[in-house]
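# Chain and residue survey
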Amino acid sequence: MSEDQGIEQRRHPRRGIKWKVLIRDKAKEVVVGRTVNVSVSGALIEVSHKYSLNEAVDVQISAVYLGKSIKILSRAVVRHTVVRTSDFQIGIEFNGLKPEMAQFLDDFASGVV
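Report follows, based on the coordinates. (Residues numbered from 1 in each chain as written. Predicted model: local features only at pLDDT ≥ 70, side-chain atom pairs only at ≥ 80, totals over all residues. Heavy atoms only, no water.)

### Some words on the overall build of the protein
- Looking only at helices and strands, one finds one helix and seven strands in the protein.
- Starting at the N terminus, the α and β elements of the protein follow one another as β-β-β-β-β-β-β-α.
- Its C-alpha atoms give the protein a radius of gyration of 14 Å, near enough to 13 Å, the size a compact globule of 113 residues would have.
- Its C-alpha atoms put the protein at 45 × 35 × 25 Å along the principal axes.
- Looking at the protein residue by residue over its 113 residues, the buried ones come to 42%.
- Taking the contacts inside the protein whose residues are at least 6 apart along the sequence as the reference set, 52% of them involve residues at least 24 apart.
- Carbon together with sulfur atoms contributes 51% to the accessible area of the protein, which is approximately 6900 Å² in total. (Helix = DSSP H or I, 4+ residues; strand = E, 2+ residues; numbered from the N terminus. Rg over C-alpha atoms; globule rule 2.2 N^0.38 Å. Buried < 20%, exposed > 50% of the residue type's maximum accessible area, 1.4 Å probe, protein only. Contact = heavy atoms within 4.5 Å. Areas by Shrake-Rupley, 256 points an atom, 1.4 Å probe, with all protein chains shown as cover.)

Listed below in structure tokens is the structure:
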């Protein structure tokens with residue numbers, strides 16, 4: 001066993017939140033999901049569709065914060081998939097967040113806002 005076992009290895013803080021997500025794959029198929037948690041670098045999302053590792057997708061997260069609707073758009077790469085009883089969880093890494101959306105997610109996940 002290594003000393004690092006059980007220690008958080010993430011690069012950025014994550015915060016649990018349930019926001020609606022639309023995911024579009026290269027075939028232009030759109031699947032609705034919802035976030036489990038988010039960070040400035042990515043998100044964990046519950047979906048009904050299985051995605052392949054390293055698959056490139058477009059994501060649109062409909063964030064609601066303090067009564068404001070915020071659309072977060074980005075290209076993303078599927079970094080892991082977990083098969084569950086009735087759905088899947090995919091971990092995505094953002095690739096192309098606009099700076100203002102990256103700042104919002106960083107502040108949100110860090111608890112600044």
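### Structural notes on helix 1 (residues 99–110)
- Over its 12 residues, helix 1 extends 16 Å from the first C-alpha to the last, a length consistent with the 16 Å expected when each residue adds 1.5 Å.
- Along helix 1, the positions that sit buried rather than exposed are Met 101, Phe 104, Leu 105, Asp 107, Phe 108 and Ala 109.
- Considering only its buried residues, helix 1 is in contact with strand 1 (15–16), strand 3 (30–38), strand 5 (56–65), strand 6 (68–83) and strand 7 (88–95).
- Of the residues one or two after helix 1, Gly 111 is the one with positive phi, at around 85°. (Expected span 1.5 Å × (residues − 1).)

### As for the packing of aromatic side chains
- Applying the stated criterion across every chain yields a total of five aromatic pairs.
- Centre to centre, the rings of Tyr 65 and Phe 108 are 5.7 Å apart; their planes meet at 90°, and the pair counts as edge-to-face. Taken together, the positions of Tyr 65 in strand 5 and Phe 108 in helix 1 put the pair 43 residues apart, joining distant regions of the chain.
- The buried category is assigned to Phe 108, whose relative accessible area is 2%.
- The rings of Trp 19, Tyr 65, Phe 104 and Phe 108 are connected pair by pair, giving a single aromatic cluster.
- Positioned above the aromatic ring of Phe 108, the side-chain terminus of Arg 15 is 4.0 Å from the ring centre. (Phe/Tyr/Trp six-rings, centres within 6.5 Å; stacked < 30°, edge-to-face > 60°. Lys NZ or Arg CZ within 6 Å of the ring centre and 35° of its normal.)

### Some points on the nonpolar core
- Ile 23, Ile 72, Ile 92 and Phe 104 are the most contacted members of the largest nonpolar core, which totals 27 residues.
- Here the element with the most residues in this core is strand 5; it accounts for five residues. (Core = buried A, V, L, I, M, F, W, Y, C linked by side-chain atoms within 4.5 Å.)

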